[in-house]
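A structural walkthrough
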Amino acid sequence: MRPVLLVVSCLVIGFVGGWLLRGDDGPVTVLAPTPEGEQPDVPVITTGGGTATTGSGTTGTGTSGGGTTAPSTTTAPEEPAAPPDRADIALAVLNGTTTTGLAAQTAGEAEGLGYVGVTAGNAPTSTKPTIVYFRSGQRAAAQRVARDLQVGAVQQLPASGALADAAPDEADVVLVLGPG
């Protein structure tokens, strides 16, 4: 009984001590993820000696010394855009494997999730894993498809080549099923 009480009391003391000594100095700012190629908004925090910028941005300006501090503003990150409705995404599922009927089966699964008029077809046989491709401006739609169908890779559709030729012109997002 004593060993159990000793372990429990050590855990309680450890949690309470850790909570008290964790060094939490106040509110936490959580930034939304930024799309590729864009610079994130970096909050500016006013300190006693001037303004400092956190993150990987540039250093802010302010007064030097311990006097008055220039007013600072914090730019709130934009709310992430809601993903498009499944019914609004023109989706094509292409089979890049040798398994017959895989694209039609996956297209049926997608329609069961709410995608409308999913096209099924064949892609050039590939050894690459399953990838969701998107046309210009359709990244959010492709990310939704990848999340819904549990696909880890999202890439822009190549402008030319065998895959570009196999992708239906009306499809905004093309899911190419691979062996992996």
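Residues numbered from 1 in each chain as written. Predicted model: local features only at pLDDT ≥ 70, side-chain atom pairs only at ≥ 80, totals over all residues. Heavy atoms only, no water.

Quick notes on unusual backbone geometry
Although it is not a glycine, Gln150 adopts a positive phi angle of roughly 55°. As for its position among the elements, Gln150 is in the loop between helix H3 (139-148) and strand S6 (153-156). Overall, the relative accessible area of 74% leaves Gln150 in the exposed class. (Helix = DSSP H or I, 4+ residues; strand = E, 2+ residues; numbered from the N terminus. Buried < 20%, exposed > 50% of the residue type's maximum accessible area, 1.4 Å probe, protein only.)

What to know about the pairing of strand S5 (residues 131-134)
Across the two faces of S5 the burial is the same, with Ile131 and Tyr133 and Val132 and Phe134 all buried. Two elements, S5 and S6, share four bridges in a ladder whose sense is parallel. The residue bridging Tyr133 from the neighbouring strand is Gln155, located in S6. The parallel pair S5 and S6, bridged by H3, forms a crossover whose chirality is right-handed. (Pairing = 2+ DSSP bridges. Right-handed = clockwise from strand over helix to strand, strands pointing away.)

A word on the pairing of strand S3 (residues 91-95)
Across the five residues that make up S3, a large majority, five, are buried. Burial of S3 is two-sided: the residues Leu91, Val93 and Asn95 facing one way and the residues Ala92 and Leu94 facing the other way are all buried. With five bridges joining them, S3 and strand S7 (residues 173-177) adopt parallel strand pairing. When the sheet's bridge partners are listed, Leu94 is paired in S7 with Val176. In terms of strand pairing, S3 meets strand S4 (residues 119-122) through four bridges, oriented parallel. Paired with Leu94 across the bridge in S4 is Gly121. At this point the chain moves from S3, through helix H2 (residues 102-113), to the parallel S4, and the crossover so formed is right-handed.

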